[in-house]
Number of protein chains: 2
Amino acid sequence: MSGLNDIIVARSTPPGKSALAVIRLSGPACIEKVSPFFPGLDLENKPARFAHFGKIFGKNGELIDEVVVLCFLGPRSFTGEDVVEISCHGSDFVVQRILEEFLSAGIRMAGPGEFTMRAFMNGKMDLARAEAVIDLIDSENRAQHLLAMDQMRGGFSKKIADLREQLIHFASLIELELDFGEEDVEFAERDDLKNTVSEINGFILRLMDSFRMGNALRKGVSTVIAGRPNAGKSTLLNALVEEDRALVSDIEGTTRDTIEEVITIEGVAFRLIDTAGIRDAGDVIEEMGIKKTMEKIASSAILLFIFDLSRTSPDQLKADLEKIELSEEMVRLVVGNKSDLVDQLEVKEYQKVAGGVNHFVSISAINNNGVEEVKKLLSRHFGISDKNKSDIILHNSRHFSALYNTSASLEKVLEGLSGNMPADLVAMDIRHAIHSLNEILGEGISSEDLLGSIFSRFCIGK
Amino acid sequence: MSGLNDIIVARSTPPGKSALAVIRLSGPACIEKVSPFFPGLDLENKPARFAHFGKIFGKNGELIDEVVVLCFLGPRSFTGEDVVEISCHGSDFVVQRILEEFLSAGIRMAGPGEFTMRAFMNGKMDLARAEAVIDLIDSENRAQHLLAMDQMRGGFSKKIADLREQLIHFASLIELELDFGEEDVEFAERDDLKNTVSEINGFILRLMDSFRMGNALRKGVSTVIAGRPNAGKSTLLNALVEEDRALVSDIEGTTRDTIEEVITIEGVAFRLIDTAGIRDAGDVIEEMGIKKTMEKIASSAILLFIFDLSRTSPDQLKADLEKIELSEEMVRLVVGNKSDLVDQLEVKEYQKVAGGVNHFVSISAINNNGVEEVKKLLSRHFGISDKNKSDIILHNSRHFSALYNTSASLEKVLEGLSGNMPADLVAMDIRHAIHSLNEILGEGISSEDLLGSIFSRFCIGK
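Residues numbered from 1 in each chain as written. Chains lettered and ligands numbered in written order. Predicted model: local features only at pLDDT ≥ 70, side-chain atom pairs only at ≥ 80, totals over all residues. Heavy atoms only, no water.

Moving on to the overall build of chain A. When helices and strands are counted, chain A shows 15 helices and 12 strands. Out of the 462 residues belonging to chain A, those deemed buried represent 54%. Sequence separation of 24 or more characterises 69% of the internal contacts of chain A that already satisfy a separation of 6 or more. In the form shown here, chain A has an accessible surface area of approximately 20900 Å², with 49% of it arising from carbon and sulfur atoms. (Helix = DSSP H or I, 4+ residues; strand = E, 2+ residues; numbered from the N terminus. Buried < 20%, exposed > 50% of the residue type's maximum accessible area, 1.4 Å probe, protein only. Contact = heavy atoms within 4.5 Å. Areas by Shrake-Rupley, 256 points an atom, 1.4 Å probe, with all protein chains shown as cover.)

Residue and element names in this part refer to chain A. Taken as a whole, this structure holds 46 salt bridges over all chains when the rule is applied. The salt bridge partner of Arg-218 is Asp-135, with a shortest N-O separation of 3.3 Å. Note that Arg-218 is positioned in helix α7 (residues 190-219) and Asp-135 in helix α4 (residues 127-138), a separation of 83 residues in sequence. Look at Asp-135 and you get buried, because its relative accessible area is 7%. Where salt bridges share partners, they join Asp-6, Glu-81, Arg-108, Glu-114 and Arg-118 into one cluster. (Salt bridge = Lys/Arg side-chain N within 4 Å of Asp/Glu carboxyl O.)

In this section: the side chain of Glu101(A). Residues and elements named next belong to chain A. Looking at the element boundaries, Glu-101 is found in helix α2 (residues 92-104). Of the polar contacts made by the side chain of Glu-101, one reaches the side chain of Arg-97; its length is 3.0 Å. Once residues lying within four places of it in the same chain are set aside, the contact partners of Glu-101 are Phe-37, Gly-58, Lys-59 and Ile-64. (Polar contact = N/O pair within 3.5 Å; in protein donor to acceptor, adjacent residues only side chain to side chain.)

Once that is clear, we can look at the interface of chain A and chain B. Quoted interface sizes are often the accessible area lost when the parts come together. Every contact between the two is made by 45 residues of chain A and, on the other side, 45 residues of chain B. Buried area between chain A and chain B, summed over both chains or domains, comes out near 4100 Å², and the portion from carbon and sulfur atoms is 64%. At the boundary of chain A with chain B, the tally comes to four salt bridges. Among the ionic pairs, Glu140(A) bridges to Lys17(B), the shortest N-O distance being 3.6 Å. (Buried area = accessible area lost by both parts, 1.4 Å probe.)

The next point concerns the packing of helix α5 (residues 142-153) of chain B against helix α7 (residues 190-219) of chain B. All names here are of chain B. The N-to-C vectors of α5 and α7 enclose an angle of 125°; their axes lie 8 Å apart at closest approach. By the angle class used here, α5 and α7 are oblique. For the pair α5 and α7, the crossing hand works out as left-handed. Contact residues: Ala-143, Gln-144 and Leu-147 in α5; Gly-214, Leu-217 and Arg-218 in α7. (Axes fitted to C-alpha atoms, helices over the stretch in contact; angles between N-to-C directions. Parallel < 35°, antiparallel > 145°, perpendicular 65-115°, else oblique. Left-handed = near helix turned anticlockwise from the far one by under 90°.)

Through backbone hydrogen bonds, the strands of a sheet pair up, either in parallel or in antiparallel fashion. Residue and element names in this part refer to chain B. Read across the sheet, six strands follow the order β3-β4-β5-β2-β1-β6 without closing on themselves; strand pairing throughout is mixed. In this open sheet, the two strands that pair with only one neighbour each are β3 (52-57) and β6 (108-109). Where strand β4 (residues 63-72) lies against strand β5 (residues 83-90), five bridges are found, and the strand directions are antiparallel. From the neighbouring strand, Leu-70 faces β5, where its bridge partner is Glu-85. (Pairing = 2+ DSSP bridges.)

Turning our attention to the relation of the copies chain A and chain B. With an axial shift of 0.0 Å and an RMSD of 0.1 Å, the rotation relating chain A to chain B amounts to 180°. Here the two chains are linked by the operation of a two-fold rotation axis. Relative to the rotation axis, the C-alpha of Phe50(A) is the closest in chain A, positioned 2.3 Å from it. Mapped onto chain B, 100% of the interface residues of chain A again fall at the interface, so both copies present the same surface. (Least-squares fit on C-alpha atoms with pLDDT ≥ 70 in both.)

Here we come to the packing of aromatic side chains. According to the stated counting rule, one finds 12 aromatic pairs over all chains in the structure shown. Ring centres of Phe307(A) and Tyr350(A) lie 5.2 Å apart, and the angle between their planes is 45°; this geometry places the pair in the tilted category. One end of the pair, Phe307(A), is in strand β10 (residues 302-308); the other, Tyr350(A), is in helix α11 (residues 347-354), with 43 residues separating them in the sequence. Residue classification places Tyr350(A) among the buried residues on the basis of a relative accessible area of 3%. Measuring from ring centre to ring centre gives 6.4 Å for Phe120(B) and Phe455(B), while their planes differ by 35°; the resulting arrangement is tilted. Note that Phe120(B) is positioned in helix α3 (residues 114-121) and Phe455(B) in helix α15 (residues 448-455), a separation of 335 residues in sequence. An aromatic cluster is built from Phe307(A), Tyr350(A) and Phe360(A), whose rings are joined through pairwise contacts. Positioned above the aromatic ring of Phe78(A), the side-chain terminus of Lys462(A) is 4.6 Å from the ring centre. (Phe/Tyr/Trp six-rings, centres within 6.5 Å; stacked < 30°, edge-to-face > 60°. Lys NZ or Arg CZ within 6 Å of the ring centre and 35° of its normal.)

Further remarks concern the environment of Asp340(B). Residues and elements named next belong to chain B. Note that Asp-340 resides in the loop between β11 (331-337) and α11 (347-354). Asp-340 sits in the partly exposed class, given a relative accessible area of 40%. Those residues in contact with Asp-340 that lie beyond four places of it in its chain are Ser-364, Ile-366 and Asn-367. In this structure the side chain of Asp-340 is engaged in a polar contact, spanning 2.9 Å, whose partner is the side chain of Ser-364.

What follows concerns the pairing of strand β2 (residues 18-26) of chain B. All names here are of chain B. The buried fraction of β2 is high, at nine of nine residues. For strand β1 (residues 8-11) and β2, the ladder comprises four bridges, and the chain directions are antiparallel. Bridging across to β2, Ala-10 finds its partner in Arg-24. Here β1 folds back onto β2, and the loop between the two strands holds six residues, one of which, Gly-16, carries a positive phi near 125°. The sheet contact formed by β2 and β5 spans eight bridges and is antiparallel.

Our focus in this paragraph is the sheet that holds strand β6 (residues 108-109) of chain A. The strand order across the open sheet formed by six strands is β3-β4-β5-β2-β1-β6 (chain A), and the pairing between neighbours is mixed. Of all strands in the sheet, those bounded by a partner on one side alone are β3 (52-57) and β6 of chain A. Here strand β1 (residues 8-11) of chain A runs beside β6(A); their pairing, made up of two bridges, is parallel. Counted as the bridge partner of Ile8(A) is Arg108(A) from β6(A). Contacts between helix α4 (residues 127-138) of chain B and the sheet are confined to β2 (18-26), β4 (63-72) and β5 (83-90) of chain A, with β5(A) contributing the most and set at about 110° to the helix. Taken strand by strand, α5(B) contacts β4 and β5 of chain A, and its axis lies near 75° from that of β4(A).

So, about unusual backbone geometry. Geometrically, the link from Gly74(A) to Pro75(A) is a cis peptide bond, its omega value of 0° lying close to zero. With respect to the helices and strands, Pro75(A) occurs in the loop between β4 and β5. With phi around 55°, Asp42(B) is a residue other than glycine that occupies positive phi space. Residue position: Asp42(B) is located in the loop between α1 (30-34) and β3. What makes Asp42(B) partly exposed here is its relative accessible area of 39%. If you check the backbone angles, Asn368(B) has positive phi at about 60° while not being a glycine. Mapping Asn368(B) onto the fold places it in the loop between β12 (360-362) and α12 (371-381). In this structure Asn368(B) comes out as partly exposed when scored by relative accessible area, which is 49%.

A surface patch of nonpolar side chains, amounting to about 240 Å² of accessible area, comprises Leu103(A), Met109(A) and Ile460(A). Counting through the fold element by element, Met109(A) comes out in strand β6. (Patch = residues over 30% accessible without salt bridge, like charges linked within 9 Å, V, L, I, M, F, W, Y side chains within 5 Å.)

It is worth spelling out helix α13 (residues 397-418) of chain B at this point. Residue and element names in this part refer to chain B. Between its first and last C-alpha, α13 extends 31 Å over 22 residues, near the 32 Å set by a 1.5 Å rise per residue. Looking only at α13, the buried set comprises Arg-398, His-399, Ala-402, Leu-403, Thr-406, Ser-407, Ser-409, Leu-410, Val-413, Leu-414, Gly-416 and Leu-417. Where α13 begins, the capping side chain belongs to Asn-396, and its oxygen is found 2.7 Å from the backbone nitrogen of Arg-398. Where α13 terminates, the next one or two residues include Asn-420, which has phi positive at roughly 50°. (Expected span 1.5 Å × (residues − 1).)

This brings us to the confidence of the model for chain A. Residue and element names in this part refer to chain A. Mean pLDDT for chain A: 86, with 88% of residues reaching 70 or above. Confidence drops under a pLDDT of 50 for residues 244-256, and excluding neighbours within four residues, the segment shows 32 contacts in the predicted structure. Predicted complex, confidence summary: ipTM 0.81, pTM 0.82. (pLDDT = per-residue confidence, 0-100.)

Another point: the packing of helix α10 (residues 314-323) of chain A against α11(A). Residue and element names in this part refer to chain A. One can describe the packing of α10 onto α11 by two numbers: an axis separation of 9 Å at closest approach and a directional angle of 15°. By the angle between their axes, α10 is roughly parallel relative to α11. Every pair of crossing elements has a handedness; the one defined by α10 and α11 is right-handed. Where α10 approaches α11, its residues Pro-314, Leu-317, Lys-318 and Leu-321 are matched on the opposing element by Glu-349, Tyr-350 and Val-353. Partitioning the contact of α10 with α11 into residue classes produces five nonpolar, no polar and two charged. (Nonpolar A, V, L, I, M, F, W, Y, C, P; charged D, E, K, R; others polar.)

Below, the structure is given as structure tokens:
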């Protein structure tokens with residue numbers, strides 16, 4: 001991608017036969033450049049943002065299409081430059097012909113995301129908001145849509161800018177101290193400073209905590225269904241997806257390979273992963289299956305452990321659960337199946353073993369009893385319906401990594417303040433923290449590589 | 001499809017991730033209906049045809065997207081009704097959410113072509129021009145594009161309307177005569193009338209003649225390559241498509257099944273059909289192959305007959321050509337192959353047998369010599385480059401059928417005039433002719449079935 005001095009063009013709508021296709025151009029003087037393709041329309045002298053009916057001709061005088069043209073004058077446009085939008089008939093041949101004419105007039109095809117990159121470079125939006133545009137286009141369910149929309153509206157960017165302001169103010173105090181260093185003046189009360197940095201760092205850590213949730217919402221919450229053979233894993237999976245994808249049988253150890261299904265509960269995607277039963281392995285293949293199951297569990301957000309109520313006492317359950325190693329971030333939900341085979345259920349005992357009321361549910365998967373309760377349990381831990389409108393949920397790994405660096409720098413600052421480190425060293429760490437926050441907003445980023453890798457995720461035409 | 005009193009909505013761009021998607025609404029008061037989805041924008045009181053930036057909210061207060069909205073006030077709109085166009089981000093989820101909101105507000109999903117049908121019913125365009133819209137969207141090469149564009153511009157409609165005017169004037173003369181029938185007055189000079197009707201009919205017959213060309217251009221010109229075994233059919237096909245799709249070998253009778261390739265010469269698609277060699281059949285399969293070849297030839301627009309110059313005298317060629325029955329409309333082009341194996345070529349003799357300079361070319365397919373000449377030969381008979389801008393080429397079979405009926409009625413009129421039939425019978429035939437012309441323009445068509453079958457070819461959203 002080259003600079004901002006040329007005119008770019010691209011189709012902004014998907015290929016295929018349709019009523020309309022939209023072709024967009026952006027760049028300095030692009031209205032003047034495009035005007036001759038519409039003889040008689042006098043596009044340059046027509047009001048901007050106004051829909052003009054026009055006929056577009058090729059340079060050999062051939063009528064290509066009857067279209068609607070809209071001009072936007074920079075900076076009041078998406079890219080901040082002059083923009084022309086042409087709505088033509090939705091034929092790939094017509095679109096191709098129009099693009100050919102523009103290309104042979106020296107206009108360049110836009111690269112992926114180049115319109116949005118220009119919007120960013122022209123100060124129309126910060127980098128985090130530009131990234132939200134592609135997240136919005138990629139959104140396939142309510143949770144992804146909500147995350148993208150929140151970020152596009154700029155709440156997250158504003159919060160990051162606020163934090164940066166506080167750190168800049170803080171840095172100025174430290175640097176003032178530095179200027180007068182030889183006079184041994186301390187302008188900034190070190191304890192006050194420590195409190196401020198602690199608070200900022202605490203906020204950043206909480207934001208980083210939300211990444212587990214945000215990442216899961218964005219990619220779909222990976223949910224491993226595990227349990228002893230014949231506990232009803234596949235039956236539960238089927239009941240959840242209301243389809244007969246997993247092979248259900250009465251023979252122990254039927255499900256050898258992991259199967260993935262996606263269900264949406266209250267707008268959140270859960271990727272359900274069925275596993276081979278966990279038990280003392282009978283043969284090599286069995287052993288491999290169990291190893292695979294354990295690996296699947298380790299890389300998931302939720303373990304949905306299912307057991308046979310009719311054959312498992314609370315103590316046995318406890319022993320089984322202890323066999324499965326869980327990472328700190330993982331949520332474990334326990335499902336007691338086959339409640340239909342049990343006369344008296346020791347619900348409280350099982351709840352205690354499972355980790356509380358919000359971690360246990362008893363069902364009868366075969367009768368479709370309690371399956372809705374399982375969905376509610378999943379939704380309670382990874383839901384968006386009770387999300388507070390002002391809650392910021394971090395879901396972009398680039399932002400997570402930048403906040404991680406910010407926090408690391410801030411912890412050095414705290415160390416420095418506690419250890420009475422020289423002000424110039426403390427100031428350096430603060431500048432690092434500020435730099436990391438700037439990366440999120442895209443300020444001071446000069447590297448084409450970084451921008452290139454961010455915008456290459458975009459489709460052409462955006 | 002119901003009447004014109006409700007508001008319809010549809011996505012006007014293809015599904016898929018992209019920069020933009022366009023949603024279009026049309027119907028009485030649709031701006032007022034849509035306005036509440038953009039709180040604060042006051043869409044009803046904003047200028048029409050002007051691009052407004054707006055936020056679209058669901059009825060539960062959820063922000064769905066940031067969009068650009070354009071309103072068109074009827075009758076100055078595509079459909080002739082009030083129209084709203086919303087450009088949102090190109091996510092299927094976002095489009096779905098917006099459509100859901102509109103549908104739950106009582107707006108109806110548009111049927112295929114319903115926007116264009118409304119344009120027709122509101123008198124924004126006649127039926128032939130409406131049909132050109134879908135032909136334009138379907139166009140995949142320059143020839144199809146040209147035919148659709150010509151028809152959309154209205155030259156064809158105008159010509160049909162002119163013819164109709166002449167017939168209406170003519171009918172009025174005849175009917176005047178009818179009114180005064182008892183007084184035995186002849187207002188219209190019968191010989192003059194006959195000349196007029198003959199001229200009109202002659203024009204219609206020429207238009208019908210162009211249908212062969214128009215239909216071929218529209219669907220691709222079916223071109224059968226035939227000849228004796230080993231004459232070089234597959235080699236020529238390969239040379240034409242510059243690919244190695246057909247199996248080329250030195251063994252006689254290699255190509256048993258017909259193969260179809262499409263090439264585009266000067267914007268016109270030619271569907272090339274390779275065939276089994278024509279010879280005295282050796283076995284049953286061979287015989288079937290030859291029968292199939294003959295069938296293929298019978299249903300094609302061009303027979304490209306190839307023969308081996310080194311093994312075929314002009315007389316032998318004549319005998320071979322006579323074996324192949326051709327329909328009257330078919331163009332036969334003769335290609336003498338393996339010119340590299342011949343010292344002295346009796347070009348004129350072969351030309352004479354083939355039917356003239358424009359029907360014969362000698363090549364050496366294996367050396368790629370003369371292949372361009374074959375293309376020129378094809379293009380000369382089915383080309384668009386020398387098409388006169390005012391030439392009307394009929395390409396719609398509905399129009400062909402209507403003109404056929406018009407001509408049949410006009411021939412009855414001529415008969416009646418010659419046979420001194422009573423004026424009232426002549427007048428009836430003229431009215432039939434006028435009715436058939438009206439069908440092309442869609443005037444006086446009340447049948448929902450006919451309109452339904454025409455517009456069902458359209459995509460939804462157009």
